[in-house]
Amino acid sequence: MPLPPWLAALALAAAPPIDLDFSHGVLGADLRFTVQGTPGALALLSVALTPGPTPLPCGPVPSLEQDFSTSVLFTALPLDAGGTGLYVQSLPTSPGLAGLDLYAQSVEFDPLSLCPIAAVSNPLRFSLVPLAVATIGIGSMHQARIEHSFTILPDGTGLLAGGKSPDPNNPTLVSSLEIYDPRREEFHLLTTTLTTARAHHQAVALNDGRVLILGGVGAGGQVLASVEGFLRQPRTVTTLAPMSRPRVFHTATLLPDGRVLVLGGLAGQFKLENKFGFPQSFFGPGGQGPLLSEAPEIFDPTSNTWSPVPIQGLLARAGHQATRLKDGRVLITGGLVYDSQGNRLVTTPRVEVLDPSTWSLAALQEPLMARAFHASVPKVQGGALFAGGGDVIYTPAGIAIDVQNAPPMSYYAPTGVALGSFQAAPPLPDPAPLRILLCVPQNSPTAKYLVVPCPDPPPPVGAPPPPSHAGVVYLYDEIINVWNPIGTTTLYRPGHRALHFEDQARTAFTGSAWPTPVGSPGPFDLTHEVFAPLP
């Protein structure tokens, strides 16, 4: 018998929170469910093949978001003293199950209560995936975009901000915001937008829960100094104090004290049709030469104000990396600097180690780091890992990264308070010049790292795809200094972004894929890819 409305409302108000999450879901390995609810309570877990609704006779919600009649798993989970219940299901290797959608939900059960359904969890919707094989996810983006930002939020979702349309002949800047939910493999388009449409910007997750969105390229190819802050709840965007300089190809690094260090970048015009903004970004207005953004600065989120870095000697550069190390220091590597005449940009081998606790600076020359537009990630055991990038070569058609002579994947090992040293890792056979590096944590003091290719912009209509089209993904082991090719991306996604969601042990690739044949006019694909790097 259904509860009276007033009693149902009371049950809803008094219902304890219950949270359901999953991880892995890899064929030939495990699918794991974790329930977090009332300590000592009994939870019931149901996994179905189709969406609901399934009406409930009583409880805090009217129905489950699954069709219970198609349930393939129904089990009881006693919650421990911490309110946690774990269920692990081994999965077969059957290829026919790849891409199978599952709908899971849990209820907290109280057999002594007038309504035994004490609480209902959030619903899950996800697909089973083969190990290390990218699979098209369930949901799709609401707007075509590349060169956007993709940032982890405190609740474990990801924020897609800005970007530009993937049409190389008519790129349009994007101001929309979407939130990606890895627990349902879906995108939510927000009514809130960026105040200024932008691409090639930086985004940093602050300790107070906001996402700081800095610089990039705006309307007409104008490089921006403006800054905006996104707050997950109540999903607002606030215009903040601008940087002292316009910046693109800059870095924004979260410091141990919660402030943000912003370094370098280019300040001139930018041609949106070109990935590197060429020729305006490299030759400046009227061919007068490039304009690097000097004046490194710090953003203080407590006062929403900017201040100059209290130290002299930092090299002005763009297309570099500024990696926060485990000990709190910032390792600044590579990038483009002025040549001796000041009218052309060239790569630099200068490495700087900045200690923000004392504002001391040390530098060295490292040939392995004479590269621009590379990727970096801090290593769990200390130091940092680098991949991709290279020397910039000038051609009649524009600029390119010299993949034939590109430095190998490398790592930096700090030595106490000393500068430390750089070592080359075994070279990757794939010539893709642009990479994304992601840390994949494990249940140990170590981690492994994904090396993901960023394909070049597409060739002309009808031309064959470039060599990086295959999108080989590598997994690097920091203990034995070895990488292994473990899979491929599914579609050709220049300008995409990737995040690893630790709770689900899955990586998501977002960014519009190019139509087939590569280089042909749209419409542009809006799908995303899901990748499970470890069983």
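Residues numbered from 1 in each chain as written. Predicted model: local features only at pLDDT ≥ 70, side-chain atom pairs only at ≥ 80, totals over all residues. Heavy atoms only, no water.

## Considering the sheet that holds strand β38 (residues 472-477)
Phase 1: Pairing in this open sheet of four strands is antiparallel, and the strands run β36-β37-β38-β39 from one edge to the other. Both outer strands of the open sheet, β36 (434-441) and β39 (482-488), are each paired with one neighbouring strand and no more. Strand-to-strand, the axes of this sheet are offset by a mean angle of 25°, without reference to chain direction.
Phase 2: With four bridges joining them, strand β37 (residues 447-454) and β38 adopt antiparallel strand pairing. When the bridges of β38 are listed, Tyr449 appears paired with Tyr476. (Pairing = 2+ DSSP bridges. Helix = DSSP H or I, 4+ residues; strand = E, 2+ residues; numbered from the N terminus. Axes fitted to C-alpha atoms, helices over the stretch in contact; angles between N-to-C directions.)

## Focus on the nonpolar core
Phase 1: Counting residues in each nonpolar core, the largest one holds 37 residues, and the members touching the most others are Phe282, Phe373 and Leu450.
Phase 2: Mapped onto this core, the elements with two or more residues apiece are β33 (398-401), β36, β37 and β38.
Phase 3: Counting residues per element, this core draws most heavily on β36, at four residues.
Phase 4: If we skip the residues at most four places from it in the chain, Phe282 touches Phe276, Gly289, Pro290, Leu336, Leu345, Val392, Tyr394 and Ile399.
Phase 5: Ranked by size, the runner-up nonpolar core spans 22 residues in total, among them Leu20, Phe22, Leu27 and Leu124. (Core = buried A, V, L, I, M, F, W, Y, C linked by side-chain atoms within 4.5 Å. Buried < 20%, exposed > 50% of the residue type's maximum accessible area, 1.4 Å probe, protein only. Contact = heavy atoms within 4.5 Å.)

## Here we look at the pairing of strand β19 (residues 236-240)
Phase 1: Taken together, the five bridges between strand β18 (residues 227-231) and β19 define a ladder with antiparallel strand orientation. Looking at β19, one finds that Val227 is bridged to Leu240.

## Examining the pattern of salt bridges
Phase 1: Under the counting rule described, the total for this entry stands at 20 salt bridges.
Phase 2: The partner of Glu178 in a salt bridge is Arg145, with the nearest N and O atoms 2.9 Å apart. Of this pair, Glu178 sits in strand β14 (residues 176-181) while Arg145 sits in the loop between β11 (135-140) and β12 (149-152), placing them 33 residues apart in sequence. The two residues Glu178 and Arg145 agree in class, both being buried.
Phase 3: Arg232 is the partner of Asp155 in a salt bridge, and the nearest nitrogen-oxygen pair spans 2.9 Å. Placement of Asp155 in the loop between β12 and β13 (158-161) and of Arg232 in the loop between β18 and β19 is noted, with a sequence separation of 77 residues between them. (Salt bridge = Lys/Arg side-chain N within 4 Å of Asp/Glu carboxyl O.)

## A look at the side chain of Arg184
Phase 1: With respect to the helices and strands, the residue Arg184 is situated in the loop between β14 and β15 (186-193).
Phase 2: Residue Arg184 is classed as buried on the basis of its relative accessible area, which comes to 16%.
Phase 3: At 3.0 Å, the side chain of Arg184 and the side chain of Glu186 are in polar contact.
Phase 4: Setting aside residues up to four positions removed in sequence, Arg184 forms contacts with Glu65, Pro123, Leu124 and Arg125. (Polar contact = N/O pair within 3.5 Å; in protein donor to acceptor, adjacent residues only side chain to side chain.)

## A short note on the state of the cysteines
Phase 1: With the rule as written, the count across this model stands at one disulfide.
Phase 2: The disulfide partner of Cys58 is Cys115, and the S-S distance across this bridge is 2.2 Å. The chirality of the disulfide connecting Cys58 with Cys115 is right-handed, given an S-S dihedral of about 90°. Residue Cys58 is found in the loop between β4 (54-55) and β5 (63-64), and its partner Cys115 is found in the loop between β8 (101-109) and β9 (117-120); the two are separated by 57 residues along the sequence. Both residues of the pair, Cys58 and Cys115, count as buried. (Disulfide = S-S within 2.5 Å.)

## Focus: the packing of aromatic side chains
Phase 1: Scanning all chains against the criterion turns up 18 aromatic pairs.
Phase 2: Plain terms: the ring middles of Tyr180 and Phe187 are 4.9 Å apart, the flat faces sit at 45° to each other, and that makes the pair tilted.
Phase 3: Residue class for Tyr180 comes out buried when judged on its relative accessible area of 2%.
Phase 4: A residue is classified by how much of its surface remains accessible, and Phe187, at 6% relative accessible area, is buried. (Phe/Tyr/Trp six-rings, centres within 6.5 Å; stacked < 30°, edge-to-face > 60°.)

## Observations concerning unusual backbone geometry
Phase 1: Geometrically, the link from Gln233 to Pro234 is a cis peptide bond, its omega value of 15° lying close to zero.
Phase 2: Inspection of the secondary structure assignment puts Pro234 in the loop between β18 and β19.
Phase 3: The amide bond that connects Phe278 to the next residue, Pro279, takes the cis arrangement and shows omega of 5°.
Phase 4: Not every positive phi belongs to a glycine, and Glu185 is a case in point at roughly 50°.
Phase 5: Mapped onto the fold, Glu185 is located in the loop between β14 and β15.
Phase 6: A relative accessible area of 1% means that Glu185 is categorised as buried.
Phase 7: A positive phi is found at Phe249, a non-glycine position, where the angle reads about 60°.
Phase 8: Structurally, the position occupied by Phe249 is in the loop between β19 and β20 (251-254).
Phase 9: Residue Phe249 is classed as buried on the basis of its relative accessible area, which comes to 13%.

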